[in-house]
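Structural characterization, general
Below are the chains, spelled out letter by letter.
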Amino acid sequence: MDIVNMNPRTKLASGGVRHAALEVIERICTLNHEMAKRSAPYALEILQCCHRGLLSGGTGEPGHRAQCVKVASGLMIGCRRASKNGNDETYILPGALEDQAAVEAIKLMKRAVSDKYPEVRMAAATFAGLVAPMLIRNPSTRKDGENVSPLGWLEDVTQIALKHIDDESAGVATAWAQSLARCLCASAEYGKNVRDAQSEDQANKRSADVDDEDVVDNNNLDFAGKFKAFTESKRAAVVTLVCSSALAAVKFLTTQFVKCGGESASNKCGGMFSIGGRATRVGYCTTLTEFLRLQAAKGDFSLTEALSPALDMVGASFEKQANRVEQKTTALADTDLYAPSSPYSSPEKKAQPSISTTFLMKSSKSSSSDSTIGRLLASIVLRRGISENLSELLQLSVLKELTDACRVSVVPISVDGSVDSSRPANDEHVKVLNRHQIQIALVEMSHLVITLGEAGAASLEEILPVVKDCLSDRDHGVRYEAATLYTSIAQAFPSVGKEFVIESLSGFIANMDTIQSLSMRVISEAPSTPKGRFRKGAKVNVYAPSQLSNELMQRQCGIHGNALAVSMLMNQFPHVLGGIQRVIVDKLFDVCEKLIKCQSNEAFVKAYSQWEWMQLFESMLSSIVAYLKFCPTLLLSVPDALNRTTSILEKIFPLVSSQGRFESEDNTAIGNARLSNARSAIFEAYSWLPPGSFPMSADRIFTFAAKQIQELSSSGSDVVCSILSRLVSHEDDLIDAHSSERAVSPGQVGQMSTLDIVISIRSSDIVTSYEREAIMNLISLKKPPEGSKEYHGSQILGSLLHEEDNKPTQLHEVGSWRQPFDPIPKVKVRLIDSAMHVFAATFGLQDPHTQSEALRMLESLYVSTQTEKSNRFNVNAALITDSQGKVRPLEEDAITFNVTAVVLACLQAIPLHEATYGTLIGKGPPWMERATNILLQLIPSPSNVIRRGAAEGLSFLATLGNSEDANTLQSTILHALDEVMKGNNFVPSQKTSTEFTTFGRSGSLLSLACIQRTSKRIETAKIARLRSVSHAPEETNTDAPPVLIMMTRLLPSLATHSHELDSSIVRVHALQAFGVLISSSFPKPTESLSPEQKQIVWKAVEAVETSFLASWSAVMLDYNKGREREKFTAEPALVAAICRLMTILLPWLSHLVDLDKWIPSRFSCYAAAIAECIKHNTVLFEASVFFDSLGARRDLNHPNKRCVVRTVNFYCTRSNLAQRRSSQKKSSSETPDVPVFREQQSCVKEGCVLMLLVAVESQVIALTHCMLNTIDREGDDRSVLAHLLQWLLFSRCLISEISSKSTQDLSTYRMKAQVESSVALGCSNLQWQLKCAAANMSLICVNLLLDRDEKLNWSDADDSLPPFPAYLEELVLTACSASASSSNHSELISVQIAGIKLLAALFKAFGGIIDSTTDDGSSVLQQYSSQIISA
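The structure displayed is predicted, hence computed values, not measured ones.

A closer look at the overall build of the protein chain
The secondary structure content of the protein chain amounts to 58 helices and six strands. Within the span of the protein chain, comprising 1431 residues, buried residues form 53% of the whole. Of the contacts formed within the protein chain by residues at least 6 apart in sequence, a portion of 78% connects residues at least 24 apart. Counting only carbon and sulfur atoms, one obtains 53% of the accessible surface of the protein chain, whose full area is about 63,200 Å².

As for the pattern of salt bridges
Scanning all chains against the criterion turns up 34 salt bridges. Residues Asp586 and Arg582 are paired through a salt bridge, measuring 3.3 Å at the closest nitrogen-oxygen approach. Within this pair, Asp586 and its partner Arg582 are both found in helix α24 (residues 582–599), separated by four residues, close to a single helical turn. A relative accessible area of 38% means that Asp586 is categorised as partly exposed.

Side note on unusual backbone geometry
Look at Asp640: it is not a glycine, yet its phi comes out positive at around 60 degrees. Note on placement: Asp640 falls in the loop between α27 (634–637) and α28 (641–656). The class for Asp640 is partly exposed, based on a relative accessible area of 45%.

Things to note about the environment of Met776
Following the sequence through the fold, Met776 ends up in the loop between α33 (769–775) and α34 (795–801). Between the C-alpha atom of Met776 and that of Pro825, which follows or precedes it by 49 residues, the distance is 8.5 Å.

As for helix α32 (residues 753–762)
A large share of α32 lies buried, amounting to seven of its 10 residues. Within α32, burial applies to Leu755, Asp756, Val758, Ile759, Ser760, Ile761 and Arg762.

Comments concerning the nonpolar core
Phe127, Trp176 and Leu292 are the most contacted members of the largest nonpolar core, which totals 210 residues. With 13 residues, the top contributor of residues to this core is helix α55 (residues 1327–1348). Once you skip the residues sitting within four places of it in the chain, Phe127 turns out to touch Leu47, Val69, Ala72, Ser73, Met76, Ala105, Leu108 and Met109. Grouped together as the second largest cluster of nonpolar side chains are 153 residues, Val625, Val728, Leu904 and Ala1100 included.

Points about the packing of helix α16 (residues 370–386) against helix α18 (residues 435–452)
Between α16 and α18, the least distance of the axes is 9 Å, while the angle of their chain directions is 40 degrees. Seen from above, α16 lies across α18 with right-handed handedness. Listed contacts from α18 to Ser371, Arg375, Ala378, Ser379, Leu382 and Arg383 of α16 are His436, Gln439, Ile440, Val443, Glu444, His447, Leu448 and Thr451. In the contact of α16 with α18, the residues fall into five nonpolar, six polar and three charged.

Looking at the packing of aromatic side chains
What characterises a pair of aromatic rings is the spacing of the ring centres plus the angle enclosed by the ring planes. All told, the structure shown has 13 aromatic pairs when counted by the stated rule. Ring centres of Phe1163 and Tyr1166 lie 6.3 Å apart, and the angle between their planes is 40 degrees; this geometry places the pair in the tilted category. Taken together, the positions of Phe1163 and Tyr1166, both in helix α47 (residues 1159–1173) and three residues apart, correspond to about one turn of that helix. Here the two residues Phe1163 and Tyr1166 agree in accessibility, since each one is buried. Through pairs of rings, three or more aromatic residues link up here, namely Phe702, Phe839, Phe843 and Trp927.

Description of helix α12 (residues 278–298)
The end-to-end C-alpha separation of α12 is 31 Å, in line with the 30 Å expected for 21 residues at 1.5 Å each. Counting buried positions along α12 yields 21 of 21 residues, so the element is predominantly enclosed. Phi turns positive, to about 90 degrees, at Gly299, one or two residues after α12.

Description of the side chain of Ser693
Here Ser693 lies in the loop between α29 (669–688) and α30 (698–712). The exposure class of Ser693 is buried, given its relative accessible area of 18%. One polar contact links the side chain of Ser693 to the main-chain carbonyl oxygen of Pro690, over a distance of 2.7 Å. Excluding residues within four positions of it along the chain, Ser693 makes contact with Leu642 and Thr646.

Digging into the confidence of the model for the protein chain
Interpretation of this model should avoid reading the predicted coordinates in detail wherever pLDDT is low. With 74% of its residues at a pLDDT of 70 or more, the protein chain has an overall mean of 76. Across residues 873–883, where pLDDT falls below 50, the model places nine contacts with residues more than four positions away in sequence or in other chains. Residue range residues 1205–1259 is modelled with pLDDT below 50. Its contacts to residues more than four positions away, or to other chains, number 128 contacts.

Details of the packing of α12 against α16
Their axes nearest at 8 Å, the elements α12 and α16 cross at an angle of 15 degrees. With respect to α16, the element α12 is oriented roughly parallel. Considering only the axes of α12 and α16, their crossing is right-handed. Contacts from Arg278, Arg281, Val282, Cys285, Leu288, Thr289, Leu292 and Arg293 in α12 reach Asp370, Ile373, Leu377, Ile380, Val381, Arg384, Gly385 and Ile386 in α16. Looking at side-chain class alone, the contact of α12 with α16 contains nine nonpolar, two polar and five charged residues.

Procedures and definitions
Residues numbered from 1 in each chain as written. Predicted model: local features only at pLDDT ≥ 70, side-chain atom pairs only at ≥ 80, totals over all residues. Heavy atoms only, no water. Helix = DSSP H or I, 4+ residues; strand = E, 2+ residues; numbered from the N terminus. Buried < 20%, exposed > 50% of the residue type's maximum accessible area, 1.4 Å probe, protein only. Contact = heavy atoms within 4.5 Å. Areas by Shrake-Rupley, 256 points an atom, 1.4 Å probe, with all protein chains shown as cover. Salt bridge = Lys/Arg side-chain N within 4 Å of Asp/Glu carboxyl O. Core = buried A, V, L, I, M, F, W, Y, C linked by side-chain atoms within 4.5 Å. Axes fitted to C-alpha atoms, helices over the stretch in contact; angles between N-to-C directions. Left-handed = near helix turned anticlockwise from the far one by under 90°. Nonpolar A, V, L, I, M, F, W, Y, C, P; charged D, E, K, R; others polar. Phe/Tyr/Trp six-rings, centres within 6.5 Å; stacked < 30°, edge-to-face > 60°. Expected span 1.5 Å × (residues − 1). Polar contact = N/O pair within 3.5 Å; in protein donor to acceptor, adjacent residues only side chain to side chain. pLDDT = per-residue confidence, 0-100. Parallel < 35°, antiparallel > 145°, perpendicular 65-115°, else oblique.

So this is what it looks like as structure tokens:
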């Protein structure tokens, strides 16, 4: 502490000495229980030290300030551990912190929340959640005679948390929401303890014959009485008093959720960095979800009681807000368009509002996205807060409750489609839901049906009638969610879905006839318009609904809902058991024939408006796209199918193109949306056609696509495409990893569930139900990669990075046809994506002049944008001098984003490596030179994905043709990259010159790696082509760029320690580029390395160790001044890149054993330290991949090799899911324990348990089988059989639900099995899936046992072998129990089949063993014959 208190300007305090001292203090407080007890008495002194450090940190030392708050957090963990009352079953610890220390803690927190750096505010949020349980005081009286509120300090922290749940940083806001949830948990538990004490006191008084009138029941006091009684104290604890119980806290949060208003009406919560708007409701939703999860972990509160308050989040008050918005923003003709349901996450954040917008033109109107966001957040609360934390039986009860609520809330429909008045009246005890509540109820029912699976079979009798009624509801969103629920039912029970389709199609024709007759009656009975006096028209309510109109609308809604459900189910049937039945196809064609005849009805045709005609063409084009995408083989099997398809598209294209029939200035919103979708569909259809199959239309399509790209990318539209992130290689995704405090886009936190959802909702666009319907049948089902794909020796990494480019037919194998991506539901985004893809597909068919003019158009777009940027008044730069504390980094505009995507797509679509055929081309045609200039200007972009796209584009240009042809162009690009690295090609302002130089160096280094990677891909494709024509491929790659030259450009960025040259961003790109260069240029691991290659591997090892020891683990505050934002943001990417490079180097470390055999040992220590210190999903994943690859390298980790220290066998860390669930079970305010590295077998078993938590049955079986096969190959008989027995007993405990509650008088095998199974049984709510996976694991173990059984005689008394026959009774009874499994009167077929297979395997393994207790020579299984027969 003396070192921490030193003057920061002195020489002794320089170099990060104070920061290192703070780390020592933090470690002392959290080391163990003994050190916690010794450091707790110094709580006040340590907090004061941290507070002084927070004040003396200044504006240039955010790392020091953040570390001060982290030390305070570590102190709170130590105080909790040292408390005599401290345990893992309570949220309150009165007396764990002294009064003076508590006051100092609140002062520290108030100071930290005002810091402009999100890292400090994040540490303050964590500190608030840790200190909250210790701020409750015992009731006392002050010296002046006034009462002291026990919850006064807790109220202070609660108010601070409430003000910061809408922080500009999504990570900080999420952390404050979690801290607020812990504050409310402490308040609710304190109120419960008070009520329990009062109840006990009342019971004592009654037992002592005390008059009942003397006893005051505070539970019956209303809120006003409680508030009046509490305001008698000096400090009024308002929020903590209201939330005196768990249910009251839930109601408080739901009330605040509704009161805060929508996106435009919500004010800021009150924090210095609050943003208000949509973030406020997101904060309350996150708080409520976290509160329910914490209450579920403790187990004192029934989550089913929170179901009704959670539905009230979108109750009557919310519906009034949504109705006001719809009346203001939705026209009568566009009611079909307004049905927002789920947001689409934009790839880039929206631009900040200008000063005039923020201060002068602030509107109080609500946003049209309010209903969407409200429903989505309420659905998240139901799913993540309630359903996920319930047991299987409670999930069934919630499913029944939601079903009953929906049944009484929708209009009952009879079989013929009319309203069924014979249904019984609504149950008064069941809550009636509005349209928003019905939608989220249907969404949650879909989740529960999939989750419960076979266990929910008995509930179908009640669910199916309700879903059929919802399919005819007036609300579009209700019909859509009901159709989705039917799809979920069909996925779990395919036969039910097929029965519904047959029934719906059978009544479709009759309903259409009824609708036609009703339409004629409505038209004939329409009242004539009366004439008003004095030639004035009389006011007539044209839209007044009559009984016939209501019936007609009801039937139209019903036929739309049923058609929607049938369409979704038909898309689902090819992927379920049984496929599509012939009777369904026959009935479907009958319905289609009826619909076609309806179009020939003259009365209907005359009444069609333009947008209704547009709807017909849109549907037809979507059908063509679906046929080309999912049934491409019909182009070959059906005669003349290709010509007829192109003929149809050529006839429709003029209608939807510019100046076509459907383009009109009078188009409504829905008309424009349908026109955009029709254009997108025709672009997608041309993209799915084989290359060169439409030569007559290629020029027109190319020109129209270029015009659409130009219009949508203009400054007025600012539509950002979504394909750029899908065009770049996924191998470089780790570069985009951001710290949780600095993440601004989804995926930057490694798909961390809670934070990723928060970021997505806060930066989302609205997707209407119409937009979802337009693409619902065009989304392909994602399939896992076939076979085992390895990448750098790891199947885990191979399954993630594997990219398949399957050609649908032989016609698509011509040229370099690329499969189009799945469409995005947002109308404008889908249009620009499809336009870019067809633009790239037809780019190679144009003449050089047209290609050059197209690139000139893109270049002019980009240049005009840069000119506008330079002339624009930058508000942030003018008002904020120091921008290092800002969360939002520098970003590019929509035009730059789209230009990068178009150029990269064109380069990927053209077979550049085959274009020259040995002809000297110099620098190539003019369009290549323009493309090179554009990409070189994009290299210094501050956006990671743009830099990656520009780097890959340059790699395609640099690998053009043969090496002799491309020398000029390749050398030009390499020389230009050198200039970019020096910052000579771009002259920004003086303030940003350092940043743009950093970005330019980063992009240039990545370009070098991309050039080598592209060269390797071209060589691989060339070898594949030569093999296809029976030519012997050449073993050497003569066309590869000079690798050593690239290495010389890369190494200075890794070896430097100067402040001017070193940078975290540059080092991340350099490490990634180093790994890509090595993996793309080195031979196979089995081949020997040349001396130069050994030297490169040695330099890579030095780069890893330098980056770990100097750039990450060392404390260099003085060195990082002015680059704090870069340091904080890039830290996860830096350590992830270190782990990736270590994984890549593992196959070649055996060649360096003579130089240094301890390199693998140091690498394992580095990976272990990284995984324990950085809680980031990307980092944990890369560390897991490293240990997975290291475990497979027997030449490095074998005991005889002694290359890895084997005190413990390091294994992959726990997943984020396991950390979250284990922290729930602790119910404490401590952060989850750091990962513990155990012995390999127990760790693999733990990995299986973690997979069992999410019921991924196939992955569990694959992991178990892989591990058991490893044991079978490498171990002796005793060790192998011991592991098999341990796994069998472990699976038996899971099937029989036996935990570690009573382990006395048990054998060692039984005790270990019960202890290990308690982890899964305590966390998993999926009981029958757990049993099914456990039965399959047992079957694998028994089959492996049979392989060993040939040389083992179980009847011999061999003490050295595990006693399998002693546990035979348990195994047989467990198999019999699984064979007759059921749940809630539903037969669990999957578990029963697995149990029968296990029973058969036990017969084969032990049926031949003679029972030694009898003399008749019967089998040991004879005594279990009755149980076996009954099973």
